[in-house]
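# Architecture and fold: a report
Below, each chain spelled out in residue letters.
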Number of protein chains: 2
Amino acid sequence: MPTLKLRRVAIDTNKENVAYLHRNCAHYRSEGFQALNKVEILQEDNGKHIIAVLNVVDGDNIIQPGQLGLSEQAYEQLSLAEGTAVQVAHATPPQSLRAVHRKIAGERLSFEEYLGITHDVVENRYSKIEIAAFLVACSDNGMDRDEVLNLTEAMVKTGERLNWGESLVVDKHCIGGIPGNRTTMLMVPIIAAHGMLMPKTSSRAITSPAGTADTMAVLAEVELSPHKLLDIVRQQRGCLAWGGTAKLAPVDDILIAVERPLSMDSPGQLVASILSKKVAAGTTHLLIDIPVGPTAKMHDQASAMRLRKLFEYVGDRMGLHLVVVITDGHQPIGRGIGPVLEVRDVMQVLNNSPLAPSDLREKALQLAGRVLEFDADVRGGQGYIIARDILESGRALAKMEAIIQAQGRNEDSIKPGQLQHPVVALCDGIVGSIDNLQIARIARLAGAPMVKGAGVDLHCKVNDRVEKGQALYTIYAEFNADYNFARQAAARDNGFSVIKSHQSF
Amino acid sequence: MPTLKLRRVAIDTNKENVAYLHRNCAHYRSEGFQALNKVEILQEDNGKHIIAVLNVVDGDNIIQPGQLGLSEQAYEQLSLAEGTAVQVAHATPPQSLRAVHRKIAGERLSFEEYLGITHDVVENRYSKIEIAAFLVACSDNGMDRDEVLNLTEAMVKTGERLNWGESLVVDKHCIGGIPGNRTTMLMVPIIAAHGMLMPKTSSRAITSPAGTADTMAVLAEVELSPHKLLDIVRQQRGCLAWGGTAKLAPVDDILIAVERPLSMDSPGQLVASILSKKVAAGTTHLLIDIPVGPTAKMHDQASAMRLRKLFEYVGDRMGLHLVVVITDGHQPIGRGIGPVLEVRDVMQVLNNSPLAPSDLREKALQLAGRVLEFDADVRGGQGYIIARDILESGRALAKMEAIIQAQGRNEDSIKPGQLQHPVVALCDGIVGSIDNLQIARIARLAGAPMVKGAGVDLHCKVNDRVEKGQALYTIYAEFNADYNFARQAAARDNGFSVIKSHQSF
């Protein structure tokens, strides 16, 4: 088979590998390639290969005939030098697609079939539309709970798995959707100060205005090598790092890249996604937080309960010690929404400041208490008191400082955005509700999480009394375009409902 | 909103619109774009807009900051000059996605909901993964027959619709899968010679070694302007043109671009696809051919019958006069497979040559007979005799010559490929079966349909006696790479089963 010279094309195509072939390339003609075909690029001597989608180039300023261009991510993935001789051929459809077709037809799949699918997905043998087909076929009631278990196990198997060599490795996870809900940054120092092992890795925000990793990055380095992470956890009993560097349940990241734009959030996928990551990370004891509220991910108690049962069913069979708590998700937690503003809230709680948002403090203590009770020596019901004692004594703050120091303190002082706009109440009254989704949207439009100082700072919460013209919250931004988008969105719908009061005070 | 200067990027991305933005573009930063985001490109003064997928450019040889690049197809679709000031923004997800989510959840959709979906798809508001989600949700038993009817009507509504001003406009359609099955090129001259209106437009081959449009293109121009097509049909009562120029049920082409790589062929989608095209094309009377055989699309009589009922249910309610015939699909029809070789077969039949393949002739006469009986003046059972008379008298050949002349004769004499390889029987015996799929695969590997002279020429059919070393078929190719691929494929599996004979003759 003829070879082509590898070339890096300076185009970022995110999770989609793209290969570029010139239309005048003899190889393009003879193989009958078409743009959007899936092709396999192979270096025979060392066996390296990747799958990519084909784009056909007509000009001469991108690549020449005889060259095979790869988009940035594809080039990195193949990791061969420019000029290397490579071969390109039609990619054979993955074997496991047959199982996907069986799933589309409504059949049950075995563990081996899920393993075949996850294996081919990790090898990049699936196109995005094939992944979408798989996800839709599995969505809603597409998988029974044993299939969710099969998929979870298959996702763990197709990646690395950490072993901490201890019998009690704790973690917590919130299914998300509540702005400002930064309890993890309080729980880790409390629990690590108690001496329990909590090697916490988090993702960056994808659809929310801040994730734990984005927020911690304001204070310290979060992109740690596996070696350094191990060192810190051994020393400090905890960390607050970004999870993207480890290859834990890697299929999850690929599925999520298709799930998000489809806005698919089926319970089966959610449970498989979370539990596979945790099991692969070596977690033995896990607390799951399911917030419920009209603008939370779970709208009512009944669906939260169904999700809890599914977590329990799969978690138990994966050998996890699992506790699921259903919490109040009616409004944002804390005041700040956006990395810098959330750091402020977290540090106020750790410093036992009288300004600290009491709802964030209270929720973090409740959840930390439940995790502490995983310790056989902690009596049922005593966890909260121990957690509060660790916080009030300053031991949590000291542990946080030690973790920041160990990960590498961020010396740049990052401040809230310079552009500030108050959004005011249009009448006297009482705050009836706050829309989590709209507040998150405004914070994102303001620039969060990419712009660290951007976001929303809430000045009142549900049941607070407000006067006409009083600021409900302040929008913070760094750039004019962001600032205007966020203000416009707030002008259309500020996310607050204020119930008019007829009495005058 | 700031504007960017439009630029054409010489990259062919097929059905996927791609927009290129430079990473150092201020606009890229402020909007928080990410590669693979869906964006809307808008020219405010004239309201032109398209939806595209974003790629982020790092080098300076493709586009500069301040420019907005579009891939070839996207650039054509927007149809604005280079340098035009355009705006780019996050695309809002299409409203009708809610209906898709309801379909995923297993609910029935109304005509209005299908109309919303097809409208957004035609406007390019759906990404490929969203289309895949819709198709999977509708596949297998995802749609009941009333929903198939709703979808068909919605597909007709979202495109143009021809009106020939006559009460009898006939067409035929085969669901495909049988190599060499070129009956259309015989039926059109026979039926037009009888005086019936048969304005036949066909697609090019997508997964098969030749479509009617590819084959007719050997003889005549097939890309006709709507105006010219109309003229020819009025004069000749028939044509054999490519259907891609008209905007008939355009959503179908977009859905098919996702269905094919997914290998999805659900009955509901098939019926909606075919009938929407025909109704939009102004057809009043339609013959559907469903071949059945172990390597045909329909494997057994029962599934062919279910498909027939679905065609009838939807067709009747769309006001079509519809006849469905179930035919023998056990092996290829005729001898040649590939454009030039199939033209040879067709012309032998039209010339009443003793060499003409009798199965192709017989099937074309049977089907033409059924279509002729749509004419009130043709007595039931007499259609076949009339068709045979038209063929044997030379009137069909004369009509074909007139149609070729009207469309524009292709003066290049195109011959079968120069590279020829006989595939021989490995033992004495009787041909037991011929695998449609494998023969089609070999013909495609040899270069068909892009290379007109490439393909497979069958020398024997099922039940023929063969001797060891006798050629079963010849592979024709024009290029060495194709030639070798096709020979290798035939060496692995030649597609023929020969039943050993124990007697010697």
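Calculation notes
Position numbers for residues count from 1 along each chain, tracking the sequence in the order it is written. Naming scheme: in the order in which they are written, chains are lettered from A and ligands are numbered from 1. For a predicted model such as this one, the threshold for reporting local features is a pLDDT of at least 70, and the threshold for listing and counting side-chain atom pairs is 80 or more; totals across whole chains, interfaces and linings nevertheless cover every residue. The convention used is that axes are lines fitted to C-alpha atoms, helices contributing only their stretch in contact, and that angles between N-to-C directions extend from 0 to 180 degrees. Where helices and strands are cited, they refer to DSSP runs of H or I of at least four residues and of E of at least two residues respectively, numbered from the N terminus. Every angle not falling under 35 degrees, over 145, or within 65 to 115 is termed oblique; those three ranges are roughly parallel, roughly antiparallel and roughly perpendicular. Take the far helix as the reference: if the near one is turned anticlockwise from it by less than a right angle, the crossing is left-handed, and if turned clockwise, right-handed. We call two residues in contact whenever the C-beta atoms placed from their backbones are within 7 Å. Each residue gets one of three labels, nonpolar for Ala, Val, Leu, Ile, Met, Phe, Trp, Tyr, Cys and Pro, charged for Asp, Glu, Lys and Arg, and polar for the others, Gly among them. Residue ranges for the domains trace back to a domain assignment, done automatically or taken from a database. Exposure is read from a count of other C-beta atoms within 10 Å of each residue's own; the residue is exposed at 12 or fewer, buried at 20 or more and partly exposed in between. C-beta atoms are placed from the backbone. When DSSP finds two or more bridges between a pair of strands, those strands are recorded as paired. When buried Ala, Val, Leu, Ile, Met, Phe, Trp, Tyr and Cys residues are joined through C-beta atoms within 7 Å, the set is termed a nonpolar core. In superposing the copies, a least-squares fit is computed on C-alpha atoms, taking residues whose pLDDT is at least 70 in both. Multiplying 1.5 Å by the residue count of a helix minus one yields the expected span of that helix. pLDDT is defined as a per-residue confidence score from the predictor, taking values between 0 and 100.

Right, let's talk about the packing of helix α9 (residues 226–236) of chain A against helix α16 (residues 395–407) of chain A for a bit. All names here are of chain A. Relative orientation of the contacting elements α9 and α16 amounts to 155°, with a least axis distance of 10 Å. When the axis of α9 is compared with that of α16, the two are roughly antiparallel. The two elements α9 and α16 meet at a crossing, and its hand is right-handed. On α16, the residues that touch Ile232, Gln235 and Gln236 of α9 are Ala402, Ile403, Ala406 and Gln407. Here the contact of α9 with α16 is built from residues that sort into 4 nonpolar, 3 polar and no charged.

This part covers the domain arrangement of chain A. Split by domain assignment, chain A resolves into domain 1 (4–90), domain 2 (97–157), domain 3 (170–244 + 281–407) and domain 4 (419–500). Each of domain 1 of chain A and domain 4 of chain A has a C-alpha centre, and the two are 47 Å apart.

Residue and element names in this part refer to chain A. Burial analysis of helix α17 (residues 436–445) places 8 of its 10 residues in the buried class, which makes it a mostly covered element. Of all the positions in α17, only Asn436, Ile439, Ala440, Arg441, Ile442, Ala443, Arg444 and Leu445 are classed as buried. Looking at the buried positions of α17, the neighbouring elements they touch are β13 (336–337), β15 (429–434), β16 (455–458), β18 (471–477) and α18 (480–492). Taken from the residues just after α17, Gly447 is the one with a positive phi, measuring 125°.

Let us look at the pairing of strand β4 (residues 38–42) of chain A. Looking along a regular strand, one sees side chains alternate from face to face of the sheet. All names here are of chain A. Alignment of β4 against strand β5 (residues 49–57), held across 5 bridges, turns out to be antiparallel. Bridging from a neighbouring strand, Val39 pairs with Ala52 of β5. Taken together, β4 and the strand that follows it, β5, pair antiparallel across an intervening segment of 6 residues, in which Gly47 is found at a positive phi of about 75°. Across 4 bridges, β4 lies against strand β7 (residues 85–90) in antiparallel orientation.

The subject of this paragraph is the nonpolar core. Of all hydrophobic cores here, the largest spans 274 residues; its most connected members are Ala446 of chain A together with Ala446 of chain B. The contact partners of Ala446 of chain B, leaving out residues within four places of it in the chain, are Ala454, Gly455, Val456, Ile475, Tyr476, Ala477, Asp482, Tyr483 and Ala486 of chain B. With 60 residues, the next largest nonpolar core counts Cys25 and Val86 of chain A together with Leu4 and Val53 of chain B among its residues.

On to the interface of chain B and chain A, then. Each partner contributes residues to the interface: chain B has 41 residues there, and chain A has 41 residues. Contributions of two or more residues to the side of chain B that touches chain A are made by β2 (11–12), α1 (26–31), β5 (49–57), α5 (128–138), α10 (250–262) and α18 (480–492) of chain B. In terms of residue count, α5 of chain B provides more of the side of chain B that touches chain A than any other element does, 7 residues in total. Classifying every residue of the side of chain B that touches chain A gives 20 nonpolar, 11 polar and 10 charged.

In this section: the relation of the copies chain B and chain A. Mapping chain B onto chain A calls for a rotation angle of 180° and an axial translation of 0.1 Å; the resulting RMSD is 0.1 Å. Those values place the two copies in the arrangement expected of a two-fold rotation axis. By C-alpha distance to the rotation axis, the residue of chain B lying nearest is Ile129 of chain B, at 2.4 Å. A shared interface surface links the copies, since 100% of the contact residues of chain B are contact residues in chain A too.

A few words on the environment of Val271 of chain A. Residue and element names in this part refer to chain A. Among the secondary structure elements, Val271 is positioned in helix α11 (residues 267–280). Put simply, Val271 and Gly315 are 44 residues apart on the chain and 8.9 Å apart in space, counted from C-alpha to C-alpha. Among all residues touching Val271, those that are not within four sequence positions of it are Val148, Leu310, Phe311 and Val314.

Residue and element names in this part refer to chain B. Here we have 4 strands laid out as an open sheet, ordered β13-β16-β18-β14, and antiparallel in their pairing. Looking along the sheet, the strands with just one partner apiece sit at the ends: β13 (336–337) and β14 (419–424). Pairing analysis gives 6 bridges linking β14 to strand β18 (residues 471–477), with the strands arranged antiparallel. Bridging across to β18, Val424 finds its partner in Ala471. In the packing of helix α17 (residues 436–445) onto the sheet, contacts are made with β13, β16 (455–458) and β18, and the angle to β16 comes to roughly 130°.

Residues and elements named next belong to chain A. Its place among the elements puts Glu467 in the loop between β17 (465–466) and β18. C-alpha of Glu467 to C-alpha of Cys427: the two residues are 40 residues apart in sequence and 6.3 Å apart in space. Each residue touching Glu467, except ones within four places of it in the same chain, is listed here: Ala425 and Asp428.

Turning to the pairing of strand β9 (residues 198–202) of chain B, a few remarks are in order. All names here are of chain B. Where burial is concerned, most of β9 is hidden: 5 out of the 5 residues are buried. The two faces of β9 match: Met198, Lys200 and Ser202 on one face and Pro199 and Thr201 on the other face are all buried. The pairing of β9 with strand β10 (residues 238–242) spans 5 bridges and is classified as parallel. Across the sheet, the residue bridging to Ser202 is Trp242, located in β10.

Attention shifts here to the packing of helix α4 (residues 111–122) of chain B against helix α6 (residues 145–157) of chain B. All names here are of chain B. It is the contact of α4 with α6, at a shortest axis distance of 8 Å, that shows an interaxial angle of 45°. If you check the angle between α4 and α6, you find them oblique. At the point where α4 passes α6, the crossing takes the right-handed sense. Residues Phe111, Tyr114, Leu115 and Thr118 of α4 form the contact with α6, whose participating residues are Asn150, Leu151, Glu153, Ala154, Met155 and Lys157.

Our focus in this paragraph is helix α11 (residues 267–280) of chain B. Residues and elements named next belong to chain B. Here α11 contains 14 residues, and its C-alpha end-to-end distance of 20 Å stays within 8% of the 20 Å for a straight helix at 1.5 Å per residue. Counting buried positions over the 14 residues of α11 gives 13, a clear majority of the element. Gly282 lies just past α11 and shows a positive phi near 85°.

Residues and elements named next belong to chain A. The 3 strands are arranged β8-β11-β12 in an open sheet whose pairing can be described as parallel. Of all strands in the sheet, those bounded by a partner on one side alone are β8 (170–174) and β12 (321–328). Shown here is a sheet whose adjacent strand axes are inclined to one another by a mean of 20°, direction ignored. Judged from the 5 bridges that link them, β8 and strand β11 (residues 285–292) form a sheet pairing that is parallel. Bridge pairing in β11 places Val170 opposite His285.

Residues and elements named next belong to chain B. Positionally, His22 belongs in strand β3 (residues 18–22). With 23 C-beta atoms packed within 10 Å, His22 lands in the buried category. Between the alpha carbons of His22 and Asn484 there is a distance of 43 Å; along the sequence they are 462 residues apart. Discounting chain neighbours no more than four positions away, the residues touching His22 are Tyr28, Val57, Ile63, Gln64, Pro65 and Gln67.

On average, residues of chain A score 92 in pLDDT, and 98% of them reach the 70 mark or higher. In the model output, the complex is listed with pTM 0.83 alongside ipTM 0.78.

Further remarks concern unusual backbone geometry. Across the junction of Ala448 of chain A and Pro449 of chain A, the peptide omega takes the value 5°, indicating a cis bond. Structurally, the position occupied by Pro449 of chain A is in the loop between α17 and β16. One non-glycine residue with positive phi stands out, namely Asn463 of chain A, at about 80°. Here Asn463 of chain A is to be found in the loop between β16 and β17. Of note in the backbone geometry, Ser79 of chain B takes a positive phi value of approximately 45° without being a glycine. One can find Ser79 of chain B in the loop between α2 (72–78) and β7 (85–90). A count of 8 C-beta atoms within 10 Å places Ser79 of chain B in the exposed class.

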